[in-house]
Each structure stands twice: as structure tokens, then as C-alpha cells.
Amino acid sequence: MNYRRLILSGSWLVRKLCTAASETASDAMVEVAAPRRNTLYSRLSALGATGGTVSEALNDFVMEGKMIRKDELSRCIKQLRKYRRYQHSLDIMDWMEKRNMEFSFVDHAIRLDLISKTKGIGAAEDYLSALPPSAKNVLTYGALLNCYCNHLMKDEALALFKKMDELKLINNTLPFNNLMCLYMRLGQPEKVPQLIDELKRRNIPLGCFTYILWMQSYANLKDIEGVENVLEELSNDSEGNCTWTTYSNLAAIYVKAGLFEKAEACLEKLEKDMMPRQREAYHFLISLYAGTSNRAEVYRAWEALKRAFPSVTNTSYLIMVQALAKLKDFEGLKKCFEEWESSCSTYDMRLATSTIRGYLSGDMLEEAELVLVNATRRSKGPFTRARECFMVYYLKKRCFDLALKHMEAAVSEFDSWRPYPETKAAFFDYFINEGDIDAAEEFCKILKNNNSLDSDAYHGLLRTYVAAGKVAPAIRKRLKDDGIELSQELQDLLVNVCPE
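> Outline the overall build of the chain, listing residues and values.
Helix and strand content of the chain: 29 helices and zero strands. Taken against the 2.2 N^0.38 rule, which gives 23 Å for 500 residues, the C-alpha radius of gyration of the chain at 25 Å falls within 12% of a compact globule. Judged by the C-alpha coordinates and their principal axes, the chain covers about 60 × 60 × 60 Å. Out of the 500 residues in the chain, the part that is buried amounts to 49%. Once local pairs closer than 6 in sequence are excluded, the contacts in the chain between residues at least 24 apart make up 62%. Surface summary for the chain: the accessible area is close to 24,700 Å², and the carbon and sulfur share equals 50%. A gap of 3 Å separates the mean positions of the 67 positive and 68 negative side-chain charges of the chain.

Below, the structure written as C-alpha cells:
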């Protein structure tokens, strides 16, 4: 875990506020292997690995003479959402509907969120429109607001917020928190204090997450004094709001600002006064101490974690591997990875990928290649993220043919492969430096085939044309056909590439 991820950005906090604590799909595979008391959940969670449909699993369970209660299905949905198994969660709710199980307002809100994640915003809007008037309330409108904010749909979010306000549905911080997250993700942190002022005007008490967002807004504005003023107000308002989450985020803010002494003072206070007995707390300590380059404290927290719990999970090993990579402790990285690899019950590609990335950061190409080879023997993949690490590495070394080899492998392994932003950026940096229009155009064709040809990609393509001193008379039409909104940067580039 990179320490920057500890700082509560918009999308993470929105999920947190909606009680869907976010873990990775790989963790879900670990859960499949673990014994469980909830037999129904064990069958449903196994579908990700074994195949089959939710309706088949539920019908088989009923045919065996076993009763399925609604509260049991609700728990299954909650767990599957936790591991981002959104389609399976929605399938359960569809099955419930066919069985004429009554939905609560909370159920409708959850279903709307799942529809948005699996079928898109339009389908979620249609679902809300079809609900009876009594079900169009603060929960369902709030769920749609959350969806708009997650998709950075500012105009729609503000319009819905206004409608909720007119219907007198806004009486707590949650809708405001959603807007704060939206503004933060849009790069407009200066809007957050304005929303805080409005909360105060309405006499709505500020909660812990609201204070954290407020602090983060000042951090994004590089106003550490503002951050500390918010903390002081929080302390005066209620000591109960000064939680582990508050101080861990404050420590992350200090780390990002390079104020390591203040960060470590926060961490010491956390560990002494507020340390919860949760793996995540140790993960925070390890990641944040890595952020301050304090190798000794990273190892101390790691050993403390191992003493505190009977087993070490894949996620804990992942956190440690990432911390050691950040510290450039390659000997420790090798030892930690090999310790995990020799004892793991489920091979987790996240660990292999993070180790590969760490080795490549130290130009340890042979070691990185060996990890990938072993991973392909022990795991069914996908290996695309690991291959992207090699792509970026080779592009920086100006070895385009070797980067292309890994890209071709990624496309052959996963037809709908969509490169991460940093991978796209590395390719376009290479194309720009080489002035290679043909290669840039071919890369854009791959992106378009996989629905990932966005404004950033066009920005890179246009810069490649500028670097090569060439024009592209048809590119304005291409931008329009692909639905790309013209930012000021794109317009400036078009002046040279496609003059009107």
C-alpha cells in the first residue's frame, strides 16, 4: 500500500461512507479457500473461481431442503460487495425479487448502487424513476448522488443535491461529504471550506469523515496551517472525533508534505493511545513509516503484526513488500517475497506484481523476470499488470521492441486489456521523444478497440504530431466521433496539428 492511498480521496471515502469497505478481488479468492460457517456464502463466494450462476447456486441450495432467509442473503450481499463482486451481488437481489422478497428502502439504495456499477448510470437513473413514490427518499436519492459523484458528473450531482434540498431530504453530512469528494477529485479543494460553512449555517454537526475531508482540502492546497487549525477545531468540538482514522490521515498528510518529524509524532501517538487490534492499523504503520524512510520502524511494525495475529495474510505480505520496495531494501524484499511464496495457500498476483515493480525500480531485471516466470507456472493470471511494469521499464530504457513484446502478450492473454494511465503515459512519452506518429496511431487503435481511447490518449497523440512537425487534417472529426470533450490543452494542440 502506497502511503498516499491512506489519504482519503474522493472515491475511497464515498465507498467508506456507504459502508462498502473496499478490498481487492484477489482477497476474495483467498476467502474462497478459507473454511466458513456460512455455507450459503461459501457457495456464492466460490462462484468467482468455479463458475456457475448465482441463481443456480441459490436454487440448488433450496432444492437440498435448506431454508434461505432474507437477512442471510443481505449478509452475503454485504460480503460480496466488500470484495467488489458487484454482479454477483446484483444477481442475488434479482433472485430475491423473483421470489417476491420485500425490499426495504436500504435494499433499494444498495440495488441502485449495484446497477450503476454493473450496468451504468443510465440504468441506475431508470431504476430510481421506476420506484414507487415512497421509495424515492433520502436513501435512494442519496445513492444516486453518490453514483454521480463517483463518476465525476458534477452538473448532475449539483442538480440532484438541489432537488434533495428542495424536498427537505438533506439533514446530515452525507450529501455534503459526497460533494466534497467530488470537488476534491475534480481538483477543486477550495470548494470544500464553502460546504463546511454551509453545514455550520444549517447547524448540522460535522462528523469524523467531514473533518478529515476538510483537513485534506487544505492539504491539497498545501496549507498545513489550515490542516492543523481544522484539527484544533475538531479537538475542541469533540475528543471522540479524534480517532485512529483522523490521526492516520493527518500522518499521511505530513508524509506527503515531507514533514517527517510531525508524521512520526502522529504515528507514535496513534500507537500509544489509539491502536486498534486490526491488521489494517499495522498496515497503516508499515506504509507510513516507509513513507518517512524509517526502515527500522517498518520492520518493528511488521514483527508486531506477526506477533499480534496467528497468521499473516496475503494482504499483509503485500503491504510489507510494497514498503520494502519503497525503501529500496531489495535484500529484505527478496526475503519477504520468498517467505510468502514458499508458504502461501493461494498465489496472489498482486504480490508478484509489486515485487516485479520493486526489482525493476532497482534495475534488477533478471530477478523481476524470474518472478514473472514462476508466477505464470503457479497462477492462472491475469498477468497484464505485471507485464505493464515491464512495458514501462523498457520504454524508459528506450527498448521499444521489448515493451511491445509484453504488450502483445498482454493483449493475447486478455482480449479487453486496458492499460493503466501510467502505462499509456509511458508509451506516449516514448512516441513523443521519437516523433513516431505511426506507432502512436497503432497504439491508439488498440486503445479504441478496448474502449480506453480517452482525452489523455488524444493529448499524447497530438503531442506526438507536434513533436514530429506533422499535421492531421481529419483529427478534429475523430475527436468528435469519439466523444472527446475539447479541453483548452487539446484546443491549443489542434491549432498546430489541425488548423481550421
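On we go from here.
> I'd like a rundown of the pattern of salt bridges, residues and numbers included.
Any two side chains of opposite charge can pair if their charged atoms end up close together. The tally for this structure, following the rule as stated, stands at 32 salt bridges. With a shortest N-O distance of 2.9 Å, Asp454 and Lys424 are connected by a salt bridge. A residue pair is termed long-range when its members are at least 10 positions apart, and Asp454 in the loop between helix H26 (437-449) and helix H27 (455-468) and Lys424 in helix H25 (residues 421-434) qualify at 30 residues. By relative accessible area, which is 28% here, Asp454 ends up partly exposed. In this structure, the salt-bridge partner of Asp482 is Lys448, at a minimum N-O distance of 3.1 Å. Here the residue Asp482 occupies a position in the loop between helix H28 (475-481) and helix H29 (488-497), and Lys448 occupies one in helix H26, the gap between them amounting to 34 residues. Judged by its relative accessible area of 47%, Lys448 falls in the partly exposed class.

Reading the values: rules and limits
Residues numbered from 1 in each chain as written. Predicted model: local features only at pLDDT ≥ 70, side-chain atom pairs only at ≥ 80, totals over all residues. Heavy atoms only, no water. Helix = DSSP H or I, 4+ residues; strand = E, 2+ residues; numbered from the N terminus. Rg over C-alpha atoms; globule rule 2.2 N^0.38 Å. Buried < 20%, exposed > 50% of the residue type's maximum accessible area, 1.4 Å probe, protein only. Contact = heavy atoms within 4.5 Å. Areas by Shrake-Rupley, 256 points an atom, 1.4 Å probe, with all protein chains shown as cover. Lys, Arg positive; Asp, Glu negative; His and termini not counted. Charge placed at Lys NZ, Arg CZ, Asp CG, Glu CD. Salt bridge = Lys/Arg side-chain N within 4 Å of Asp/Glu carboxyl O.

This is a description of form; function is not addressed.
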